[in-house]
Amino acid sequence: MKALMKKEIRLSASVLTYIFIVAGAMTLIPGYPVLCGAFFVTLGIFYSFQNAREANDIVYTILLPIAKRDVVKGKFIFSIMIEMAGFLVMAVLTILRMTVFSEAAPYRENALMNANPFFLGMALIIFGLFNLVFIAGFFKTAYKFTPFVSYIIATFLTIGIAETAHHIPNLSPVNAFGTEHLGLQLILLSAGAAIYAILTIIGYKTSCRRFEIIDL
Amino acid sequence: MNIITLENVCKNYPAFSLKNVSFSLEKGKITGFIGRNGAGKTTTIKAMLNLIHLDGGEISYFGLPLLKNENEIKQRIGYSTGTVSWYPRRTLHDIIEVTKGFYRNWNDEECRRYMELFGLDENKKPMELSEGMKVKCNLLIALSHGSEVLILDEPTSGLDPFSRDELLEVFRQLKENGVTILFSTHITSDLERCADNILYISHGEIRADAAKSEFMERYGKPDETLEEIFLRMERENKK
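Definitions and cut-offs
Residues numbered from 1 in each chain as written. Chains lettered and ligands numbered in written order. Predicted model: local features only at pLDDT ≥ 70, side-chain atom pairs only at ≥ 80, totals over all residues. Heavy atoms only, no water. Helix = DSSP H or I, 4+ residues; strand = E, 2+ residues; numbered from the N terminus. Rg over C-alpha atoms; globule rule 2.2 N^0.38 Å. Buried < 20%, exposed > 50% of the residue type's maximum accessible area, 1.4 Å probe, protein only. Contact = heavy atoms within 4.5 Å. Areas by Shrake-Rupley, 256 points an atom, 1.4 Å probe, with all protein chains shown as cover. Lys, Arg positive; Asp, Glu negative; His and termini not counted. Charge placed at Lys NZ, Arg CZ, Asp CG, Glu CD. Pairing = 2+ DSSP bridges. Axes fitted to C-alpha atoms, helices over the stretch in contact; angles between N-to-C directions. Buried area = accessible area lost by both parts, 1.4 Å probe. Salt bridge = Lys/Arg side-chain N within 4 Å of Asp/Glu carboxyl O. Polar contact = N/O pair within 3.5 Å; in protein donor to acceptor, adjacent residues only side chain to side chain. Nonpolar A, V, L, I, M, F, W, Y, C, P; charged D, E, K, R; others polar. Phe/Tyr/Trp six-rings, centres within 6.5 Å; stacked < 30°, edge-to-face > 60°. Lys NZ or Arg CZ within 6 Å of the ring centre and 35° of its normal. Parallel < 35°, antiparallel > 145°, perpendicular 65-115°, else oblique. Arc of directions from axis to C-beta.

Asker: Which parts of the structure should I look at to understand the overall build of chain B?
Answerer: Looking only at helices and strands, chain B has 9 helices and 10 strands in total. On C-alpha atoms alone, chain B measures out to a radius of gyration of 18 Å, which is about the 18 Å that the 2.2 N^0.38 rule sets for 239 residues. Within the span of chain B, comprising 239 residues, buried residues form 53% of the whole. Summarising the internal contacts of chain B: among those between residues at least 6 apart in sequence, 66% fall at separations of at least 24. Split by element, the accessible area of chain B, about 10700 Å² in all, is 45% carbon and sulfur. Charged side chains in chain B number 32 positive and 37 negative. The centres of these two groups are separated by 4 Å.

Take a look at the structure:
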């Protein structure tokens, strides 16, 4: 696995993938749909898939002494690693917004989503959608990128719902500031993490099954 | 001793089928794999590398079925193609550094030796290399992990006559060391110089599998070259 990760990082990855981790910092932009930051992190990962396809990475990897499912595993571990790096950036800045900037006017006067644990849970769901819709879709052919369009549609629907959910009567606690509704917020974050894990596991298993039967 | 065995290998595509391809390769022999474009050479090679799914038949290396022993078998075989380049924007040094981590028998000394022999610069990127140098690049990797079997898809394509001669000499040396080589080519004069056996495929079927001398005797006319025999057989198959 060490050799496989070294290959993903040194040969397959695009430098844009690492740069786009910084998109997690969009969490700090006032009046901006902060959840888009999660999308941009996955856009960075998409560039690595593009890079890998242009470099014949999938066939090269499959010719190495590893199992076919390890090719899938390498892509998933790399993607999860980048997603977690992006999540870490978002989590640190969310804590900053919940503490130091909890009363800051630009964040208080915001029609869109506030950065809080619910936001982090939704970011994880977006990462999970990427793993399920895009990665599992990619491994149907190992060269077509059309699943990325389906992923964009699914993601922006999710972003639209999450960014505006607090305007629905009785759902205002999802937009909590500071440590308000902390119990509920942490439950929502945990639910997001659980959904991320489920989507990723289904995505991985589907990818393995699909990749096993395609001809290269 | 047979190192590779293919038994009734079948693969069906909408416009092409590989039909009951069966042959075996002996240890320490060079086998030339000939056939015109689209005859099934690359499909057979892809099947041998488990890049495609078979509709029937079985492939084994060293007496071990490929599907059940893929990792172990891949540790012991090398592959090169003359037409595809890997990671065009990474340096050869990076590609080698990463690739060696997958092979338990990787030999840095051999790698350096072949790099020198092939005139490769490890700081160059595949995109900066000519087609011939790309072939050498692929071969360098295939040869540096102590492969017992080399499967080479048109390895001499794009090489100048001098480089081809060098490469054929490398093949002969490897053969002396017991390495089994299968190489597909359109340059039949290369086979005249180094092949022990000839495998001829046409329309997805193996039409001839024999020692080179036997092949020339059975299918050729006096003073006919391998290329002339190949062309005549193809014309006859067309009729």
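Asker: I tried to follow the overall build of chain A on my own but got confused; where do I start?
Answerer: Of the regular secondary structure elements, chain A holds 9 helices and 0 strands. Listing every helix and strand of chain A by position from the N terminus yields α-α-α-α-α-α-α-α-α. Rg of the C-alpha trace for chain A: 18 Å, near the compact-globule value of 17 Å for 216 residues, within the 12% margin. Overall, chain A is about 55 × 30 × 25 Å in size when its C-alpha atoms are taken along their principal axes. For chain A, the residues scored as buried account for 56% of the 216 residues in total. If you take every contact in chain A between residues at least 6 apart in sequence, the share linking residues at least 24 apart comes to 80%.

Asker: Just checking my understanding: could you explain the sheet that holds strand β6 (residues 77-81) of chain B for this structure?
Answerer: Residue and element names in this part refer to chain B. Strand order in the open sheet formed by 6 strands is β6-β7-β8-β3-β9-β10, with mixed pairing between adjacent strands. One side of each edge strand has no neighbouring strand; the edge strands of this open sheet are β6 and β10 (205-211). Within this sheet the neighbouring strands show an average axis-to-axis angle of 15°, counted without direction. The pairing of strand β7 (residues 149-153) with strand β8 (residues 180-184) spans 5 bridges and is classified as parallel. Within β8, the position partnered with leucine 152 by the bridge is phenylalanine 183.

Asker: What is the right way to look at the interface of chain A and chain B in this model?
Answerer: Put simply, an interface is often sized by how much accessible area is lost when its parts join up. Tallying the contact residues gives 28 residues for chain A and 28 residues for chain B. Contact between chain A and chain B buries roughly 2500 Å² in total, counting both sides, with carbon and sulfur atoms accounting for 59%. Considering only the side of chain A, the residues that lose the most area to chain B are Leu11, Tyr60 and Pro65 of chain A, jointly responsible for 28% of the buried surface there. Here chain A is connected to chain B by 2 salt bridges. Measuring nitrogen to oxygen at the nearest pair gives 2.6 Å for the salt bridge that ties aspartate 215 of chain A to lysine 11 of chain B. The interface formed by chain A and chain B includes 14 residue pairs in polar contact (both at pLDDT 80 or more). At the level of secondary structure, the elements contributing two or more residues to the side of chain A that touches chain B comprise α1 (2-12), α3 (36-54), α4 (57-63) and α9 (182-213) of chain A. It is α1 of chain A that contributes the most residues to the side of chain A that touches chain B, 7 residues altogether. In terms of residue class, the side of chain A that touches chain B is built from 16 nonpolar, 4 polar and 8 charged.

Asker: Would you explain the packing of aromatic side chains in this entry?
Answerer: Under the criterion given, the structure shown has 32 aromatic pairs over all chains. The aromatic ring of phenylalanine 177 of chain A is capped on one face by arginine 108 of chain A, whose charged end is 4.2 Å from the ring centroid.

Asker: Where do I start with the packing of α1 of chain A against helix α3 (residues 92-99) of chain B in this structure?
Answerer: Any two packed helices are characterised by how steeply their axes cross, that is the angle between the axes, and by the distance between the axes. Between α1 of chain A and α3 of chain B, the least distance of the axes is 9 Å, while the angle of their chain directions is 170°. Classified by the angle between their axes, α1 of chain A and α3 of chain B sit roughly antiparallel to one another. Across from Lys6, Lys7, Arg10 and Leu11 of chain A in α1 of chain A, the residues of α3 of chain B making contact are His93, Asp94, Ile95, Glu97 and Val98 of chain B. Of the residues belonging to the contact of α1 of chain A with α3 of chain B, the class tally is 3 nonpolar, 1 polar and 5 charged.

Asker: Could you clarify how one ought to interpret the pairing of β10 of chain B in this entry?
Answerer: In regular strands, side chains alternate between the two faces of the sheet. Residues and elements named next belong to chain B. As paired strands, strand β9 (residues 197-202) and β10 are joined by 6 bridges and run antiparallel to one another. Across the sheet, the residue bridging to asparagine 197 is alanine 211, located in β10. The hairpin turn running from β9 into β10, its antiparallel successor, is 2 residues long, and histidine 203 in that turn takes a positive phi close to 50°.

Asker: Mind showing me how you'd approach helix α4 (residues 108-117) of chain B here?
Answerer: Note that an α-helix has 3.6 residues per turn; residues three or four places apart therefore point the same way. All names here are of chain B. Of all the positions in α4, only Cys111, Tyr114 and Met115 are classed as buried. All buried residues of α4 fall inside an arc of 105° around its axis, so they share one side. Facing away from the buried side of α4, by more than 90 degrees, are the exposed residues Glu109, Arg112 and Glu116. The inward-facing, buried residues of α4 abut α3, α5 (131-143) and α6 (161-176). Taking the backbone nitrogen of glutamate 109 as reference, a side-chain oxygen 3.0 Å away marks asparagine 107 as the first, capping residue of α4.

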